[in-house]
There are 2 protein chains.
Amino acid sequence: MGTRVVALCGGVGGAKLAYGLSRLLRPEDLCIIVNTGDDFEHLGLHICPDIDTVTYTLADVAHAGQGWGRADEQWMVMQEIERLGGESWFKLGDRDIALHLLRTQKMRAGSTLTEVSAYFAAKLGVRHSVVPMCNQRVRTVLETEAGELAFQEYFVKHQCEPIVHALQYAGADDAGLTPEVTHALQDDNLRGVIVCPSNPYLSIAPILAVSGLRARLRALSVPVLAVSPIVAGQALKGPAAKMMHELGHHGGALGIANLYADFIDALMLDTQDFALAGRHNAVSPRLLFGNIIMTSRDERVELARTCLDHLDHLGG
Amino acid sequence: MGTRVVALCGGVGGAKLAYGLSRLLRPEDLCIIVNTGDDFEHLGLHICPDIDTVTYTLADVAHAGQGWGRADEQWMVMQEIERLGGESWFKLGDRDIALHLLRTQKMRAGSTLTEVSAYFAAKLGVRHSVVPMCNQRVRTVLETEAGELAFQEYFVKHQCEPIVHALQYAGADDAGLTPEVTHALQDDNLRGVIVCPSNPYLSIAPILAVSGLRARLRALSVPVLAVSPIVAGQALKGPAAKMMHELGHHGGALGIANLYADFIDALMLDTQDFALAGRHNAVSPRLLFGNIIMTSRDERVELARTCLDHLDHLGG
């Protein structure tokens, strides 16, 4: 049995499970592939919400409550930008801006996103691999009743209110697997893959859309386990449940099984959703049940341990 | 007699006199042409030390003691940049960074430096004109015993220590007069021009080097008055006296008379330098004496009033 685990991850919910995994696995045994479909330029800065959330969470410097940004943050730059008439709808803290400034500088100087992400993770004391899904620019675009919206417009400006008709991951066809992603997914020593409880459309689908990535997952001989981001019909955070409904994937968490059916072996649902077992007719993916709500750091580690156990049973 | 005054200005010392003038003249009667030879890119930000010092000083938000940056400043971004391994030799405060971010964004979007400078002056409540000497990139380069140094390297990194052999204002030949500078200097209603007490090599010479500017000053029919930045053989601030010595312009403040001889009508020296009157053989520029040390806001206004009086006498 292999020792190495790959996790596919978006922002907050996924980052919590990634944190749990990082407390159980050696640095060389965990590679977290992170969504970059939400990345954008703002105030001339290159911003990577999910990579930063994962890195800050693993470094234990993430803000506990708000779901983005740093703990112990200050807001002087934003306050002054507002005073000077600059755009202030997207809040950036002072510590956060420091990282964005350096990242933007490094990328203008020719570094790849993979390189700068590894640099900042190391500087913040994160020893596990946090890698972007690709180095090319991929942007999640939502076709909504209010027209085409870039992710941040939908998420922050419009507060996820417009009904979504479809999504595009612009640039994904032209994006290629990085050596780091390729290596992680072909590792002879692979124990399995975990799809973290992140929004399937906004966080996981962009990763899957990177040319060649979904095919690699499908072809793996080791188990792939997804953890549902939906409990009792509600997303733990964000618009996942609302979007599934709008996009015609009914059935609550079972909708996730449909979305990932071609490449996962099992889907872990919360025990609150045990009744769904009776409505699941397919043989694959297998449904597993447990507590998937992570309110404490202990619960993150707990769920990570459960996921690893499941991987090993599925593989064994 | 005209009502409009043009001031040529560098950083701190010049900004104090510009402040004094702004308290005596209506907004439409003062145009401050500011050195941009010190401008540079740092951390991907477009930084204009002299324009910002003048604007912050006129807005009364400049730091009182340190000679650059804002009062009531915080340093979280810089602190975090240092932690993340970024360059920290040039200190930028959080409020200051807000302005640099917006300026960089606006310039990337195609605004001229004249436009963005006017924008920020207005946002900070400055009603008098603060205009850059030109819109093109001009960079002061110092040829020193330690090799060629960009201004900030010389000034901040090397603390003005290397002996200076010569200076270049790279790009000045290709820089042209802006409509704002042209208009200010050809105004039929011009009362006179004041060269503020700024470093002649680092602050005033770059302005004079902009193609066509020195010739315009020489051709003016209204009086041009310079105020010495040197008192009793010492610069009030910065390396002016040291550089004059290194570059062979001896004679303390009288060296200023030589540097500006072709376009000024009078040079104002401090009363402490009254003895220099006996060593000044030339008819022009005329030497004037008074208190040119501005330690309080009242003294800034006092010196401004004296300068305006002198202009009017010279013109009358």
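Note: the structure precedes this text.
To keep things clear, this report deals only with the structure shown in the data block. (Residues numbered from 1 in each chain as written. Chains lettered and ligands numbered in written order. Predicted model: local features only at pLDDT ≥ 70, side-chain atom pairs only at ≥ 80, totals over all residues. Heavy atoms only, no water.)

1. Looking at the interface of chain B and chain A
Okay, so step 1: With 28 residues of chain B at the contact, the number on the chain A side is 28 residues.
Okay, so step 2: For the pair chain B and chain A, the summed buried surface comes to about 2,700 Å²; carbon and sulfur atoms form 63% of the total.
Okay, so step 3: When the buried area of chain B at its contact with chain A is split by residue, M76, L84 and L101 of chain B rank highest and sum to 25% of it.
Okay, so step 4: One salt bridge in this structure joins R70 of chain B and E80 of chain A, with 2.9 Å as the shortest N-O distance.
Okay, so step 5: Applying the counting criterion to the chain B and chain A interface returns 6 residue pairs in polar contact (both at pLDDT 80 or more).
Okay, so step 6: Broken down by secondary-structure element, the contributors of at least two residues to the side of chain B that touches chain A are α3 (76-83), α4 (94-108) and α5 (113-123) of chain B.
Okay, so step 7: Top element by residues in the side of chain B that touches chain A is α4 of chain B. It accounts for 9 residues. (Contact = heavy atoms within 4.5 Å. Buried area = accessible area lost by both parts, 1.4 Å probe. Salt bridge = Lys/Arg side-chain N within 4 Å of Asp/Glu carboxyl O. Polar contact = N/O pair within 3.5 Å; in protein donor to acceptor, adjacent residues only side chain to side chain. Helix = DSSP H or I, 4+ residues; strand = E, 2+ residues; numbered from the N terminus.)

2. As for the state of the cysteines
Residues and elements named next belong to chain B.
Okay, so step 1: Here the structure, examined in full by the defined rule, presents 0 disulfides over all chains.
Okay, so step 2: Free of any disulfide, C9 has its nearest cysteine sulfur in C196, 4.2 Å distant.
Okay, so step 3: There is no disulfide at C31, and the cysteine sulfur nearest it, in C9, is 11 Å away.
Okay, so step 4: Its relative accessible area of 11% is what places C31 among the buried residues. (Disulfide = S-S within 2.5 Å. Buried < 20%, exposed > 50% of the residue type's maximum accessible area, 1.4 Å probe, protein only.)

3. Things to note about empty space enclosed by the protein
Okay, so step 1: Summed over all chains, the structure comprises 3 cavities of 30 Å³ or more.
Okay, so step 2: Of the voids in this model, the largest cavity is the one considered here, and its volume is about 80 Å³.
Okay, so step 3: In this structure, the largest cavity is lined by 14 residues; those nearest its centre are G44, L45 and R108 of chain A together with G44 and L45 of chain B.
Okay, so step 4: Listed by contribution, the elements that provide at least two residues to the lining of the largest cavity are α4 (94-108) of chain A together with α4 of chain B.
Okay, so step 5: Across the lining of the largest cavity, the residue classes tally to 6 nonpolar, 6 polar and 2 charged. (1 Å grid on protein atoms, 1.4 Å probe; cavity = no way out; pocket = protein on both sides within 12 Å on 5 of 7 lines; lining within 4 Å. Points joined across faces, edges and corners; volume = space filled by probe spheres on them. Nonpolar A, V, L, I, M, F, W, Y, C, P; charged D, E, K, R; others polar.)

4. Digging into the relation of the copies chain B and chain A
Okay, so step 1: Rotating chain B by 180° and translating it 0.0 Å along the rotation axis places it on chain A, where the RMSD comes to 0.0 Å. One copy is carried onto the other by what is essentially a two-fold rotation axis. Residues of chain B ranked by C-alpha distance from the rotation axis are headed by D94 of chain B, positioned 3.7 Å from it.
Okay, so step 2: A shared interface surface links the copies, since 100% of the contact residues of chain B are contact residues in chain A too. (Least-squares fit on C-alpha atoms with pLDDT ≥ 70 in both.)

5. As for unusual backbone geometry
Residues apart from glycine generally show negative phi values, whereas peptide bonds are mostly found in trans.
Residue and element names in this part refer to chain A.
Okay, so step 1: Here the residue pair S284 and P285 is connected by a cis peptide bond, since its omega of -5° sits within 30 degrees of zero.
Okay, so step 2: Mapped onto the elements of the fold, P285 is located in the loop between β13 (266-270) and β14 (286-290).
Okay, so step 3: Its identity as a non-glycine residue notwithstanding, L43 has a phi of 55°, on the positive side.
Okay, so step 4: If you trace the backbone, L43 turns up in the loop between β3 (40-42) and β4 (45-47).
Okay, so step 5: In this model, A232 sits at a positive phi of 50°, which is unusual for a non-glycine residue.

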